[in-house]
Every structure is written in C-alpha cells, then in structure tokens.
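Here is what each chain is made of, one letter per residue.
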Amino acid sequence: QENECLEAMVSAIATLGIPTAEAIGDLLGIEDGKGQGLKVLDVACGSGGYGYTVARRDIQAQVVGLDRRNILKIAARLANELGVAERIQHRPGNVLSLRYGQEEFDLVLISNVFHQYGPEHVRQVLGKAFGALRSGGRVVINDFVADDGRCRAVDALLMSVDMLIYTPEGEAHSFSE
C-alpha cells in the first residue's frame, strides 16, 4: 500500500515542479534551445520534471534519473510526454545504495530529497553527488529549508512535522545544518 500511495502522489504532482525547474535553469544560464550538452544526474528524480526541464532547454543534454523502479515508470511516461525520452536513462534503486558515478556529470540535481533524511544520510548523498561531478560541475539543492531558530519558515516547519509522521529521521534542515 505504501508504494501505491507514493506512486499516486508522484503522478499527481508530476508537473508541479516544472516552474521551479525553469527558474533553476534561468539561474544556471541554461538557455532554451541551445545545445550545451550537459550531462545531468537527477537524484531521487521522482516524475523527472527537474531533469527533463533541463533536457528540454539544453537540446543536447543527457539526463540520468535515479529512483525506485516503480517511480521510474512514472518518470518514463513524463519523459515521453515532454519529448525527451531518447536522452534519458533511468537507474532503479535506493539513492542511499546506488552508485552515482565518478566525475561523470556537469550538473547534479537534488530536489525535495533531503527533508526525508537525517544528517548522516544527507551527508552520504552529498558526498556521492560531489564525487559524481566533473571539474567545474555544480550541485543544485532544491528543498524545504528551515530557519536556524525554527520559527519563521512555516512551510519548512510543516514539512518537518509531516516527516516526523512518515520517516524515521526526516526533517527540513536549516542552511547552517
């Protein structure tokens, strides 16, 4: 039943992240229709919307999405809908145990992942992400971020409460953490 609920949620929110992904593309200077040929790793890609948005903007980009096998089926459907499927590779598994590669990627996207984990696992994912980067590569983290006093970032604090219910150690981490 847990898998069914997760699949339903991922399907329902499949395209909600695309405006944020577009903003990330703007911040990174990934121009629409240009062919930079970025090699992108999308960690716990979910529906794939973040990586696929990069692929739509960079018409030569190659994207590798990591996630559970059942979630990657949803991601494959969205890749087809967005017309980028031929430049997408999926690697099924748990992001904590999967190998990310060594000095292989120009960009690593980690979106809405860290609030599911405690500090030790966050460091583990970050270590693997930075190890997967080529020289000059970038890691983009998009997530709920709590303020250090844990009193102002209401959305992040509500996510922390939600994670207390659904995960063994997840919470919205602060910038200093």
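The shown structure was predicted, so the numbers you read here are calculated from the model rather than taken from an experiment. (Residues numbered from 1 in each chain as written. Predicted model: local features only at pLDDT ≥ 70, side-chain atom pairs only at ≥ 80, totals over all residues. Heavy atoms only, no water.)

A. Structural context of the sheet that holds strand β2 (residues 62-67). Read from one edge to the other, the open sheet built from five strands follows the order β3-β2-β1-β4-β5, with strand pairing classed as parallel. Of all strands in the sheet, those bounded by a partner on one side alone are β3 (88-92) and β5 (133-142). The average undirected angle you get between the axes of adjacent strands in this sheet is 20 degrees. Examined bridge by bridge, strand β1 (residues 39-43) and strand β4 (residues 105-111) share four bridges and lie parallel to one another. Residue pairing in the sheet places Asp42 in a bridge with Leu109 of β4. Docked against the sheet, helix α5 (residues 119-131) engages β1, β4 and β5, running at close to 145 degrees with respect to β5. (Pairing = 2+ DSSP bridges. Helix = DSSP H or I, 4+ residues; strand = E, 2+ residues; numbered from the N terminus. Axes fitted to C-alpha atoms, helices over the stretch in contact; angles between N-to-C directions. Contact = heavy atoms within 4.5 Å.)

B. Broad picture of the environment of Ile141. On the secondary structure map, Ile141 appears in strand β5. Ile141 gets classed as partly exposed once you look at its relative accessible area, which sits at 46%. Separated by 29 residues in the primary sequence, Ile141 and Asn112 place their C-alpha atoms 8.0 Å from one another. When near neighbours in sequence (up to four residues on either side) are disregarded, Ile141 contacts Ile110, Phe114 and Leu126. (Buried < 20%, exposed > 50% of the residue type's maximum accessible area, 1.4 Å probe, protein only.)

C. Fine view of the pairing of β5. Summarising the sheet, β4 and β5 pair through six bridges and their orientation is parallel. Within the sheet, the bridge partner assigned to Ile110 lies in β5 and is Ile141. In the classification by handedness, the crossover that spans β4, the intervening α5 and the parallel β5 is right-handed. (Right-handed = clockwise from strand over helix to strand, strands pointing away.)

D. Looking closely at the pairing of β3. Summarising the sheet, β2 and β3 pair through five bridges and their orientation is parallel. Bridging from a neighbouring strand, Val64 pairs with Gln89 of β3. On the question of chirality, the crossover connecting β2 to the parallel β3 by way of helix α4 (residues 69-82) is right-handed.

E. Up close: a nonpolar patch on the surface. A surface patch of nonpolar side chains, about 500 Å² in accessible area, is lined by Val161, Leu164, Ile165 and Tyr166. With respect to the helices and strands, the residue Ile165 is situated in helix α6 (residues 154-166). (Patch = residues over 30% accessible without salt bridge, like charges linked within 9 Å, V, L, I, M, F, W, Y side chains within 5 Å. Areas by Shrake-Rupley, 256 points an atom, 1.4 Å probe, with all protein chains shown as cover. Salt bridge = Lys/Arg side-chain N within 4 Å of Asp/Glu carboxyl O.)

F. Up close: the side chain of Thr53. Counting through the fold element by element, Thr53 comes out in helix α3 (residues 49-57). In this structure, Thr53 is in contact with Ile18, Ala21 and Glu22, ignoring residues within four places of it in sequence.

G. Quick look at unusual backbone geometry. One non-glycine residue, Ala44, adopts positive backbone phi at about 50 degrees. Relative to the assigned elements, Ala44 resides in the loop between β1 and α3. For Ala44, a relative accessible area of 22% gives the class partly exposed. Here the phi dihedral of Asn112 falls at roughly 55 degrees; this positive angle occurs in a residue that is not glycine.

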